[in-house]
Amino acid sequence: MNLKKIICWPPLLAGVGAGVTIAILAYITFQSILAGTNYGLWLAASFGSSVVVVFGYPNNEFAQPRNVLFGHLLCAFIGVVFVILFNISQDRTIFFLAIGIAVGISVMLMMALKI
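Cut-offs used in this document
- Residues numbered from 1 in each chain as written.
- Predicted model: local features only at pLDDT ≥ 70, side-chain atom pairs only at ≥ 80, totals over all residues.
- Heavy atoms only, no water.
- Helix = DSSP H or I, 4+ residues; strand = E, 2+ residues; numbered from the N terminus.
- Buried < 20%, exposed > 50% of the residue type's maximum accessible area, 1.4 Å probe, protein only.
- Contact = heavy atoms within 4.5 Å.
- Areas by Shrake-Rupley, 256 points an atom, 1.4 Å probe, with all protein chains shown as cover.
- Core = buried A, V, L, I, M, F, W, Y, C linked by side-chain atoms within 4.5 Å.
- Expected span 1.5 Å × (residues − 1).
- Arc of directions from axis to C-beta.
- Patch = residues over 30% accessible without salt bridge, like charges linked within 9 Å, V, L, I, M, F, W, Y side chains within 5 Å.
- Salt bridge = Lys/Arg side-chain N within 4 Å of Asp/Glu carboxyl O.

Asks: Account for the overall build of the chain, with residues named and values stated.
Replies: Within the chain, the secondary structure is distributed over five helices and zero strands. Order of helices (α) and strands (β) in the chain, N terminus to C terminus: α-α-α-α-α. The buried share of the chain, taken over its 115 residues, is 17%. For the chain, restricting intrachain contacts to residue pairs at least 6 apart in sequence, the fraction spanning at least 24 positions comes to 48%. With an accessible surface of roughly 8,600 Å², the chain has 74% of that area assigned to carbon and sulfur atoms.

Dropping the structure here:
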């Protein structure tokens, strides 16, 4: 009987890595000195999907450090620009339109820059 086949090492390691990473981000978001924001700065939905790709499929092209790091930086930059440009914190009427445009531009730029 092969112990590695029974325990399923890759899924186990991926699950542990993802759980630890999200736990650290949740701690930073809600318990650390950086927790003073209302935006959940460190615990975003994109981190959850990135954790699945990075820890679940580490050999995938999209799981490489360059793509993960620069993809998050680019999208965060575009998000901040749109929050400032459309004054989203004050005007909630254009909130959905601004988010849609920001995500569309982010996807286009990530594909164009191959990140």
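Asks: Account for the nonpolar core, naming residues and giving values.
Replies: By size, the foremost hydrophobic cluster in this structure holds six residues: Leu74, Ile78, Phe82, Ala98, Ala102 and Ile115. Put simply, the parts of the chain that give this core at least two residues each are helix H4 (65-86) and helix H5 (95-112). Ranked by the residues each element gives to this core, the list is headed by H4, at three residues. Apart from residues no more than four positions distant in its own chain, Ile115 is found in contact with Arg66, Asn67, Phe70, Gly71, Leu74 and Met110.

Asks: Describe in detail H4, supporting the description with residues and values.
Replies: Between the first and last C-alpha of H4 there are 31 Å, a value that for 22 residues agrees with the 32 Å anticipated at 1.5 Å per step. Among the residues of H4, those classed as buried are Asn67, Gly71, Leu74, Ile78 and Phe82. Seen from one end, H4 has its buried residues packed into an arc of 75 degrees, which puts them on one side. What points out from H4, more than 90 degrees from its buried face, is the exposed set Pro65, Phe77 and Ile84.

Asks: So what's going on with unusual backbone geometry? Residues and values would help.
Replies: Notably, Lys114 is not glycine yet its phi reads approximately 60 degrees, a positive angle. Turning to its location among the elements, Lys114 is positioned in the segment after H5.

Asks: Break down a nonpolar patch on the surface for me, citing the residues and quoting the values.
Replies: On the surface, a cluster of nonpolar side chains totalling about 530 Å² of accessible area is made up of Trp9, Leu12, Leu13, Val16, Val20 and Ile24. Structurally, the position occupied by Val20 is in helix H2 (residues 9-30).

Asks: So, the environment of Asn67: which residues are in play, and what are the values?
Replies: The topology assignment puts Asn67 in helix H4. Taking the C-alpha atoms as reference, Asn67 lies 4.4 Å from Ile115; in sequence the two are 48 residues apart. Beyond its immediate stretch of four places on either side in the chain, Asn67 contacts Glu61, Phe62, Lys114 and Ile115.

Asks: Explain the environment of Leu113 to me, and be specific about the residues and the numbers.
Replies: The residue Leu113 is located in the segment after H5 in this model. The class for Leu113 is partly exposed, based on a relative accessible area of 46%. Here the alpha-carbon distance between Leu113 and Phe70, two residues 43 residues apart in the chain, equals 9.6 Å. Among all residues touching Leu113, those that are not within four sequence positions of it are Arg66 and Leu74.

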